[in-house]
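Report on the structure
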Amino acid sequence: MRRNPLPALTLLLATLLTPALAAAQTLVFTAIPDEDETRLQQRFQAVADYLAETLEVEVRFIPVTSYAASVTAFRNNQVQLAWFGGFTGVQARQLVPGSRAIAQGVEDPDYKSYFIANQATGLVLHDGDTAPEGLRGLTFSFGSQSSTSGRLMPEYFLREHLGASPDELFTRVGFSGNHSRTISVVQSGAYQAGVVSYKAWENELEAGNIDLDRVQVIWETPPYPDYQWTVRGDVDERFGDGFTERLQQALLDMDDPDLLASFPRAGFIPAEDDDFREILEVGQSLGLLD
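Residues numbered from 1 in each chain as written. Predicted model: local features only at pLDDT ≥ 70, side-chain atom pairs only at ≥ 80, totals over all residues. Heavy atoms only, no water.

Moving on to the overall build of the protein. Check the secondary structure of the protein and you find 12 helices and 11 strands. Based on the C-alpha atoms only, the size of the protein along its principal axes is roughly 95 × 40 × 25 Å. Looking at the protein as a whole, 52% of its 290 residues qualify as buried. Taking the intrachain contacts of the protein between residues at least 6 apart in sequence as the baseline, contacts between residues at least 24 apart amount to 79%. Within the structure as shown, the protein displays about 13,300 Å² of accessible surface, and the carbon and sulfur contribution to it stands at 49%. (Helix = DSSP H or I, 4+ residues; strand = E, 2+ residues; numbered from the N terminus. Buried < 20%, exposed > 50% of the residue type's maximum accessible area, 1.4 Å probe, protein only. Contact = heavy atoms within 4.5 Å. Areas by Shrake-Rupley, 256 points an atom, 1.4 Å probe, with all protein chains shown as cover.)

See below:
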């Protein structure tokens, strides 16, 4: 009796084609639009090229228009990897079981926000441990509603230190959408005060986009954990066993100053979900997370 060769042939073809199929897959990643959107593609295209060369797979960066859109793209598997803020990372991991944080910037375990004010307010640098009382009664702009450094942690500190919600503290509350725009609206006087990522402030200052005669930092928050790389839990199925570890190592090995300036970070260190427990608990306390 002759044996049917088809099962063996099918197995052989599957064995031969699996590496090719994995190589044909495209790893797509995004990043929260924390600064001016026109710079995102420039910032991260070089990172995509680095990851493609290191991991030997096609890698593509796609920009998103909002923090919420970055979480939606991750949930819908339009992207498999994302450079999230602390809060958006927690949101994404709640929505996609099995996903996990794998790397963070050297600076990210001790991140901070800067409260800023238009010079016309007369507010000066406050070096106390709590938010300055002089903020009461001003108009105030946060960044994105989902920003860790531009909304979540600053609102937490305001409530803890001044004992009131933003709507109770300020005569008008706005959400600019990102840190660059927050600086712009406070510098112009459209809002009297606001809060931004300290990294975004330093970037805009270095770029010559801040007029210190019109706007200045008035308070630095206590530290908290923030940005991280989060990856979906199914990437090993798409790209082969051990891909998550290879991806993590590629991020940890990133040492080109030009690439690191895209973030900007001095380098990357390992991260895990539990590093952001404080963000989870604050989000829950503010009613922003289940």
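Let's pick the thread back up.
Now for the sheet that holds strand β6 (residues 139-142). Sheet architecture is open: 5 strands sit in the order β7-β6-β8-β5-β9, paired in mixed fashion. The outermost strands of the open sheet, each flanked by one partner alone, are β7 (172-175) and β9 (215-220). Sheet twist, expressed as the average angle between the axes of neighbouring strands with direction ignored, equals 30°. Here strand β5 (residues 113-118) runs beside β9; their pairing, made up of 5 bridges, is antiparallel. Bridge pairing in β9 places Ile 116 opposite Val 217. (Pairing = 2+ DSSP bridges. Axes fitted to C-alpha atoms, helices over the stretch in contact; angles between N-to-C directions.)

So, about the side chain of Thr 221. Checked against the element boundaries, Thr 221 lands in the loop between β9 and β10 (228-231). Accessibility expressed as a relative area gives 4% for Thr 221, which makes it buried. A distance of 3.0 Å separates a polar atom in the side chain of Thr 221 from the backbone nitrogen of Ser 113. With near-sequence residues (within four places) excluded, Thr 221 lies in contact with Lys 112, Ser 113, Phe 115 and Phe 157. (Polar contact = N/O pair within 3.5 Å; in protein donor to acceptor, adjacent residues only side chain to side chain.)

Note: predicted coordinates in regions of low pLDDT should not be interpreted at a detailed level. Here the protein averages 91 in pLDDT, and 90% of its residues register 70 or above. Confidence drops under pLDDT 50 across residues 5-23; counting only partners more than four residues distant or on other chains, this segment forms 4 contacts. (pLDDT = per-residue confidence, 0-100.)

Moving on, we get to the packing of aromatic side chains. All chains considered together, the criterion is met by 26 aromatic pairs. Here Arg 172 stacks its cationic end above the ring of Tyr 191, 4.3 Å away from the centre of that ring. The aromatic ring of Tyr 227 is capped on one face by Arg 265, whose charged end is 5.0 Å from the ring centroid. (Phe/Tyr/Trp six-rings, centres within 6.5 Å; stacked < 30°, edge-to-face > 60°. Lys NZ or Arg CZ within 6 Å of the ring centre and 35° of its normal.)

Our next topic: helix α10 (residues 243-252). Taken as a whole, α10 has its buried residues at Phe 243, Thr 244, Leu 247, Gln 248, Ala 250 and Leu 251. The buried residues of α10 occupy an angular sector of 160° when the element is viewed end-on, so they sit on one face. (Arc of directions from axis to C-beta.)

Residue Pro 264 is reached from Phe 263 by a cis peptide bond, and omega for that bond is -20°. Assignment of secondary structure puts Pro 264 in the loop between α11 (257-260) and β11 (268-270). Here Glu 56, not a glycine, exhibits a phi torsion of approximately 60°, which is positive. Inspection of the secondary structure puts Glu 56 in the loop between α2 (40-55) and β2 (58-61). Here Asn 77, not a glycine, exhibits a phi torsion of approximately 65°, which is positive. Of note, Asn 77 is situated in the loop between α3 (67-75) and β3 (81-84).

Helix α8 (residues 198-206) packs onto helix α7 (residues 179-188) with a crossing angle of 65° between their chain directions and a minimal axis gap of 9 Å. Classified by the angle their axes make, α7 and α8 are roughly perpendicular. The two elements α7 and α8 meet at a crossing, and its hand is right-handed. Along the contact surface, α7 presents His 179, Ser 180 and Ile 183, while α8 presents Ala 200, Trp 201 and Glu 204. Of the residues that constitute the contact of α7 with α8, the class distribution is 3 nonpolar, 2 polar and 1 charged. (Parallel < 35°, antiparallel > 145°, perpendicular 65-115°, else oblique. Left-handed = near helix turned anticlockwise from the far one by under 90°. Nonpolar A, V, L, I, M, F, W, Y, C, P; charged D, E, K, R; others polar.)

Together, Asp 253, Asp 255, Asp 256 and Asp 258 line one region of the surface with negative charge. Relative to the elements of secondary structure, Asp 255 occurs in the loop between α10 and α11. (Patch = residues over 30% accessible without salt bridge, like charges linked within 9 Å, V, L, I, M, F, W, Y side chains within 5 Å. Salt bridge = Lys/Arg side-chain N within 4 Å of Asp/Glu carboxyl O. Lys, Arg positive; Asp, Glu negative; His and termini not counted. Charge placed at Lys NZ, Arg CZ, Asp CG, Glu CD.)

Should their charged atoms come close, side chains of opposite charge can pair. Throughout the structure, instances matching the rule amount to 10 salt bridges. With a shortest N-O distance of 3.5 Å, Arg 232 and Asp 234 are connected by a salt bridge. Across the pair Arg 277 and Asp 274 runs a salt bridge whose closest N-O atoms are separated by 2.8 Å.

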